[in-house]
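So the chains spell out like this:
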Amino acid sequence: MKFGILVNEGPYQHQASDSAYMFTKAALEKGHEIFRVFFYHDGVNNGTRLTVPPQDDRNIVNRWTELAKEHNLDLVVCIAAAQRRGILDENEAKRQGKDANNIAEGFRISGLGQLIESGIQSDRLVVFGD
Amino acid sequence: MADEEVVKKFLYLNRKAPYGSIYALESLEVVLIGAAFDQDVSLAFIDDGVYQLKKDQSTDGIGMKNFSSTYRALGDYDVNKIYVDKASMDERGLTIDDLMPLTYEDEDDDYAEKPSISIKSSEEMAALMEEQDVILSF
Amino acid sequence: MLHTVNKSPFQANALESCLRFAKAGQSVLLFEDGIYAALKGTRFESLVKNSLANVNIYVLVPDLEARGMRTEQVIEGIKSANYGDFVDLAANNKSVQAWL
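The following paragraphs examine the structure supplied in this document. Since the model is a prediction, treat every value here as computed from it, not as a measurement.

1. Brief notes about the overall build of chain A
Part 1: Along chain A, the regular secondary structure elements total five helices and five strands.
Part 2: When the helices and strands of chain A are read in sequence order from the N terminus, they spell out β-α-β-α-β-α-α-β-α-β.
Part 3: The C-alpha radius of gyration of chain A comes to 14 Å, within 12% of the 14 Å expected for a compact globule of 130 residues.
Part 4: Taking the principal axes of the C-alpha coordinates as reference, chain A spans close to 45 × 40 × 30 Å.
Part 5: A separation of at least 24 residues holds for 75% of the contacts in chain A among residues at least 6 apart in sequence.

Right under this line is the structure:
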């Protein structure tokens with residue numbers, strides 16, 4: 001099975017990102033393919049490299065980065081939602097005249113078309129939100 | 001695009017009121033972008049989602065953008081299957097007259113203007129949901 | 001279809017709406033705060049019990065245990081699931097509908 005994952009909420013605020021991560025990991029362990037993990041609404045906040053969560057708890061952003069590296073996952077942050085919430089990569093920062101960028105490793109910024117494509121190309125789309 | 005060969009039934013599930021959170025606006029943005037992919041699109045409005053279609057929205061006082069006119073443009077994007085849950089309307093004291101009159105031009109009928117909204121019972125809506133391939137919830 | 005409910009029935013009407021639209025033979029997974037609907041002794045017990053005649057209901061045990069609950073407290077007829085089972089449910093049903 002090819003799974004598309006949609007994450008609608010940011011790290012820590014809701015359990016959505018955690019549940020999505022646990023589901024994704026379980027799916028990979030079962031030998032399924034993850035077509036794409038798409039981050040929308042506040043979900044784009046999973047893609048900032050500037051989080052410094054307490055050491056005795058999970059590091060949500062790093063967990064996604066590591067899982068993506070290990071399994072060559074496509075983690076996509078929606079550009080429109082990211083612009084609203086201040087998640088930028090180097091190109092976006094230049095384009096928008098901002099003095100910094102903050103995208104985390106393993107994430108890329110792209111359009112909503114990537115979510116639609118995920119729905120079309122995946123066998124199942126699973127949504128995690130609030 | 002290879003994608004154009006695959007046509008799936010996409011359902012956008014809207015259950016939240018407008019303005020109190022961004023879900024209504026941002027889900028609409030997905031619908032508009034999605035329109036370019038020529039899929040079989042339906043929108044369902046259930047629970048507080050029915051309030052998204054309420055007419056006469058005026059946002060000057062709250063300093064937010066009034067995006068309700070975007071719903072009226074859906075017909076132009078070939079998004080004309082808009083299903084509204086009857087029970088959600090009833091428990092909120094709403095009738096079809098409270099909603100924006102969303103329409104589309106039926107190219108198979110001499111571009112006659114037709115209503116995009118249909119009010120569905122729970123059974124009808126459940127049947128529609130079961131047909132879907134991809135359900136996007138916000 | 002697999003329906004997922006992640007909100008407590010005391011906080012949101014996601015469970016009630018889900019059960020109103022779930023068709024015979026479909027499956028419902030209660031996870032995150034949705035697990036509270038799986039417990040005996042709440043005012044939702046009869047709603048949930050009645051639904052068991054119509055749909056298969058699963059509860060995500062890790063979310064149950066995180067919240068201090070145990071499978072012994074779950075309504076009879078509701079099946080236990082772990083993340084692997086969640087994946088299987090998603091794979092074995094034609095589509096997944098999230099009631100947020």
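2. What about the overall build of chain C?
Part 1: A count of helical and extended segments in chain C gives four helices and five strands.
Part 2: Taking 13 Å as the expected radius of gyration for a compact globule of 100 residues, we find that chain C reaches 12 Å, a close match to that expectation.
Part 3: Here chain C holds 100 residues, and 53% of them are scored as buried.
Part 4: For chain C, long-range pairs separated by at least 24 residues make up 68% of all intrachain contacts whose partners lie at least 6 apart in sequence.

3. Here we look at the interface of chain B and chain A
Part 1: In this assembly, 17 residues from chain B lie in contact with 16 residues from chain A.
Part 2: Taken together, the elements giving at least two residues each to the side of chain B that touches chain A come down to helix H1 (23-34) and strand E7 (134-137) of chain B.
Part 3: Per element, the largest residue contribution to the side of chain B that touches chain A is six residues, and it comes from H1 of chain B.
Part 4: For the side of chain B that touches chain A, the class distribution of residues is 10 nonpolar, three polar and four charged.

4. Considering the nonpolar core
Part 1: Counting residues in hydrophobic clusters, the biggest one holds 112 residues, and the most contacted among them are Leu 29, Leu 30, Val 59 and Leu 60 of chain C.
Part 2: Looking at this core element by element, the count peaks at six residues for helix H1 (residues 16-29) of chain A.
Part 3: Once you skip the residues sitting within four places of it in the chain, Val 59 of chain C turns out to touch Leu 30, Ile 35, Ala 38, Leu 64, Val 74, Ile 78, Ser 80 and Ala 81 of chain C.

5. Structural notes on unusual backbone geometry
Residue and element names in this part refer to chain B.
Part 1: Phi is positive for Tyr 19, close to 75°, though the residue is something other than glycine.
Part 2: Looking at the element boundaries, Tyr 19 is found in the loop between strand E1 (9-14) and H1.
Part 3: Residue classification places Tyr 19 among the partly exposed positions, given that 18 C-beta atoms sit within 10 Å.
Part 4: Of note, the phi angle at Asp 47 is positive, near 55°, even though the residue is not glycine.

6. Let's talk about the interface of chain B and chain C
Part 1: On the side of chain C, 11 residues touch chain B, which itself brings 13 residues to the contact.
Part 2: Listing elements by their share of the side of chain B that touches chain C, those giving two or more residues are helix H4 (122-130) and E7 of chain B.
Part 3: Residues belonging to the side of chain B that touches chain C are distributed by class as follows: seven nonpolar, three polar and three charged.

7. Quick notes on the packing of H1 of chain A against helix H4 (residues 83-92) of chain C
Part 1: Where H1 of chain A meets H4 of chain C, the axes come as close as 8 Å, and the angle between the chain directions of the two elements is 75°. Here H4 of chain C runs roughly perpendicular to H1 of chain A, going by the angle between their axes. When H1 of chain A is examined against H4 of chain C, the residues Met 22, Phe 23, Ala 26 and Ala 27 of chain A are found in contact with a partner set consisting of Tyr 83, Gly 84, Phe 86 and Val 87 of chain C.
Part 2: Per-class residue counts for the contact of H1 of chain A with H4 of chain C are seven nonpolar, one polar and no charged.

8. Side note on the sheet that holds E1 of chain B
All names here are of chain B.
Part 1: Pairing within the open sheet is parallel, and its five strands lie in the order E6-E3-E2-E1-E7. Either end of the sheet is taken by a strand with one partner, and the two such strands are strand E6 (117-120) and E7. Sheet twist, expressed as the average angle between the axes of neighbouring strands with direction ignored, equals 25°.
Part 2: When E1 meets E7, the two strands line up parallel, connected through four bridges. By the bridge assignment for E7, Phe 10 is matched with Val 134.
Part 3: Across the sheet, H1 touches E1, strand E2 (40-45) and E7, and the angle it forms with E1 is around 165°.

Definitions and cut-offs
Residues numbered from 1 in each chain as written. Chains lettered and ligands numbered in written order. Predicted model: local features only at pLDDT ≥ 70, side-chain atom pairs only at ≥ 80, totals over all residues. Helix = DSSP H or I, 4+ residues; strand = E, 2+ residues; numbered from the N terminus. Rg over C-alpha atoms; globule rule 2.2 N^0.38 Å. Contact = placed C-beta atoms within 7 Å. Buried ≥ 20, exposed ≤ 12 C-beta atoms within 10 Å, placed from the backbone. Nonpolar A, V, L, I, M, F, W, Y, C, P; charged D, E, K, R; others polar. Core = buried A, V, L, I, M, F, W, Y, C linked by C-beta atoms within 7 Å. Axes fitted to C-alpha atoms, helices over the stretch in contact; angles between N-to-C directions. Parallel < 35°, antiparallel > 145°, perpendicular 65-115°, else oblique. Pairing = 2+ DSSP bridges.

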